[in-house]
Amino acid sequence: MKDRYLAAGHRLHWGVHLERLELRPFKKAFEGFAKLVQEHPAARKSYVTFGSYHPGKIESVPVYATAFAQRAPDLGKSSNDLLSKDFPIFGTSLEVKTKTPSNVAFKVAGTRDNKSAGITGDLEGKYSDPKNGLTFTQTWTTANILKTNIELENQIAKGLKLDLVTSLLPENGSKAALVNVAYKQPGLHSRAVIDLFKGPTFTADTVVGRDGFLLGAEAAYDVTSGTITRYATALGFSAPEYAVTLHGLGNLSTYTASYYHRVSRDVEAGAKAIYDTKATTGGIALEVGAKAYLDSAAFVKAKINNQSILCLSYTQALRPGVKAAFGIAIDTANLAPETRAAHKVGASFTFEG
């Protein structure tokens, strides 16, 4: 059963340190679950499990090997998600997802841009075969682009994923194809991407982790010209409650520093600073934001940057499988009525069944 916690972004697990084992909390949990089943018959197929571990065993697991660790190559993903996701300020979007019992899923998505009033969208069909680690996805966009994605995971070797991504524009015959190879193990995440029609170009990145510290590097090589066209590096530290990341991007011409902090179960905070050595204006771009859960089905987000742009959003799970989000961006340096065009308002609606 889809749960309102999941729709709002909560994970349905938590840990509690117990000095001694008592039956009262388990009895209370069982009574609560029995009440849930009585009020919502669809929950009868759900279940609750309890697991107990010695604190020493938990502390012996390296931070980088847990589910809380930053999984490269997305170093800084937590702060990026906090500052970029769930801010529907550029238009109105609608997404409808359905799934059949035979592991075939369909998705229809569309967005109306506030500035151009144009509508873009795509129709996607996905077939998954979890037993054999195979996923096949076909997408058709309103720009008449046909996209195909074939994934094979954990079949040749554990932790190895092969991915073929292609696109075709029938009008002019334009095409693209990417071959992705990713290998993941505790403390190691390596990926290689080959662009077959551009160059061809070979891009590789690797991140290693130990005791919470993460070190990563990326490089792109043009096979035709025999030159390295792009390189970057990153250093980070990840813990269950917070993460800090430093990036050197664009051939080490742009530097970013970010942090993410789970202040409590219901509050998250983060910030990001960017310094571009090639920028003509100089200075550092700074953005800070926060997220707070109002209850099990709703949360609010806010962020502001050093250009005085304030963004606010509200996301509500209306019912299992139905979610609505509303966002606004306000130029706080230009609040006069005649400058209202600088402000942005948007919304997004998601239906999943």
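In what follows, the accompanying structure is described.

Parameters and conventions
Residues numbered from 1 in each chain as written. Predicted model: local features only at pLDDT ≥ 70, side-chain atom pairs only at ≥ 80, totals over all residues. Heavy atoms only, no water. Helix = DSSP H or I, 4+ residues; strand = E, 2+ residues; numbered from the N terminus. Buried < 20%, exposed > 50% of the residue type's maximum accessible area, 1.4 Å probe, protein only. Contact = heavy atoms within 4.5 Å. Phe/Tyr/Trp six-rings, centres within 6.5 Å; stacked < 30°, edge-to-face > 60°. Lys NZ or Arg CZ within 6 Å of the ring centre and 35° of its normal.

On to unusual backbone geometry. Even without being glycine, Asn251 reaches a positive phi, approximately 60°. One can find Asn251 in the loop between strand E12 (242-249) and strand E13 (254-262). With a phi close to 60°, Leu252 is a non-glycine residue in the positive phi region. Along the chain, the position of Leu252 falls in the loop between E12 and E13.

Tracing the sequence through the fold places Ala285 in strand E15 (residues 285-295). For Ala285, a relative accessible area of 38% corresponds to the partly exposed category. Taking the C-alpha atoms as reference, Ala285 lies 8.2 Å from Lys272; in sequence the two are 13 residues apart. In this structure, Ala285 is in contact with Lys272, Ala273, Ile274 and Asn306, ignoring residues within four places of it in sequence.

Right, let's get into the packing of aromatic side chains. Enumeration according to the criterion identifies 4 aromatic pairs in this entry. Both rings, one in Phe326 and one in Phe349, keep their centres 5.8 Å apart while their planes meet at 85°; by these two values the pair is edge-to-face. Residue Phe326 is found in strand E18 (residues 322-331), and its partner Phe349 is found in strand E19 (residues 344-352); the two are separated by 23 residues along the sequence. On the accessibility criterion, Phe349 (28% relative accessible area) is partly exposed. Each residue in the set Phe213, Phe237 and Tyr242 is aromatic and connected to the rest through ring pairs, giving one cluster. The ring of Phe197 carries Lys175 above its face, with NZ or CZ at 5.4 Å from the centroid. Lying across the ring of Phe299, Lys291 places its NZ or CZ 4.3 Å from the centre.

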